[in-house]
Amino acid sequence: MRVFIRKVQPGDEAALAYIQTQSWKSAFSDILDKDTLNRCTDINRTTNMYKKLLEENIGNGYILTLDDRPHCIAWWDAARDPGQKGKAELICIHSLPNNRQKGYGSMMMDRVLEDIKTSGYPEVVLWVFCDNIRARKFYEAKGFYATELLKQELGAQEICYSKTL
């Protein structure tokens, strides 16, 4: 399989939204209530969100393709929480469920972490649902550690992970 990672560009919003919504449906069905999950996986709403991010050049998005078919996405920016000033934040990393655990997410994470480091950030944080054990194990394998920071998001508890670059 031919793997290619590139920065996103206008016109990618439909692929970004598709990957995110499919990933959420698969990963969060046991974490979020049905109504919340349905709202958060509305393809039109998610497509419009990515269209706005791309039009306004907000953050740094990436897409990984397998044989020219979109499979994995990631997005990072400066940390959004005031207490995390000077750090980067991995806002999302999502893969289509049919090719998980084949190393593609790891490739994407390596690319994103290198870009964050090159951009001058000494540390990166991310938020993950406490009950998302698969993702937590992935982040820990990539050198992230759980902090003591917790918050409620979408009716579920999230924990902040951090990594020094």
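In this report, the structure presented in the accompanying data block is examined. (Residues numbered from 1 in each chain as written. Predicted model: local features only at pLDDT ≥ 70, side-chain atom pairs only at ≥ 80, totals over all residues. Heavy atoms only, no water.)

**A closer look at the nonpolar core**
Next, step 1: Grouped together as the largest cluster of nonpolar side chains are 25 residues, with contacts concentrated most on Leu90, Ile93, Met108, Val112, Tyr139 and Phe144.
Next, step 2: For this core, the secondary-structure elements that each account for two or more residues are β2 (60–66), β3 (69–78), β4 (88–95), α4 (104–118), β5 (123–129), α5 (133–141) and β7 (156–164).
Next, step 3: With six residues, α4 is the single largest residue contributor to this core.
Next, step 4: When sequence neighbours within four positions are dropped, the list of residues in contact with tyrosine 139 reads Leu90, Ile93, Met109, Leu126, Val128, Phe144 and Tyr161.
Next, step 5: Of all hydrophobic cores here, the second largest spans 12 residues; its members include Leu16, Leu53, Trp75 and Leu96. (Core = buried A, V, L, I, M, F, W, Y, C linked by side-chain atoms within 4.5 Å. Buried < 20%, exposed > 50% of the residue type's maximum accessible area, 1.4 Å probe, protein only. Helix = DSSP H or I, 4+ residues; strand = E, 2+ residues; numbered from the N terminus. Contact = heavy atoms within 4.5 Å.)

**A word on the pattern of salt bridges**
Next, step 1: Tallied over the entire structure, the rule returns seven salt bridges.
Next, step 2: A salt bridge links aspartate 68 to arginine 2; the shortest N-O distance between them is 2.2 Å. Taken as a pair, aspartate 68 in the loop between β2 and β3 and arginine 2 in the segment before β1 (3–7) lie far apart in primary sequence, 66 residues in all.
Next, step 3: The class of aspartate 68 is exposed, set by a relative accessible area of 56%.
Next, step 4: With a relative accessible area of 45%, arginine 2 lands in the partly exposed category.
Next, step 5: Arginine 6 serves as the salt-bridge partner of aspartate 12, at 2.7 Å between the closest nitrogen and oxygen.
Next, step 6: For aspartate 12, a relative accessible area of 9% gives the class buried. (Salt bridge = Lys/Arg side-chain N within 4 Å of Asp/Glu carboxyl O.)

**A word on the environment of glutamine 84**
Next, step 1: Along the polypeptide, glutamine 84 turns up in the loop between β3 and β4.
Next, step 2: For glutamine 84, a relative accessible area of 5% translates into the label buried.
Next, step 3: Taking the C-alpha atoms as reference points, glutamine 84 and arginine 100, 16 residues apart in sequence, are found 30 Å from one another.
Next, step 4: Sequence-distant contacts of glutamine 84, defined by excluding residues within four places in its chain, comprise Ala79, Val125, Leu149 and Cys160.

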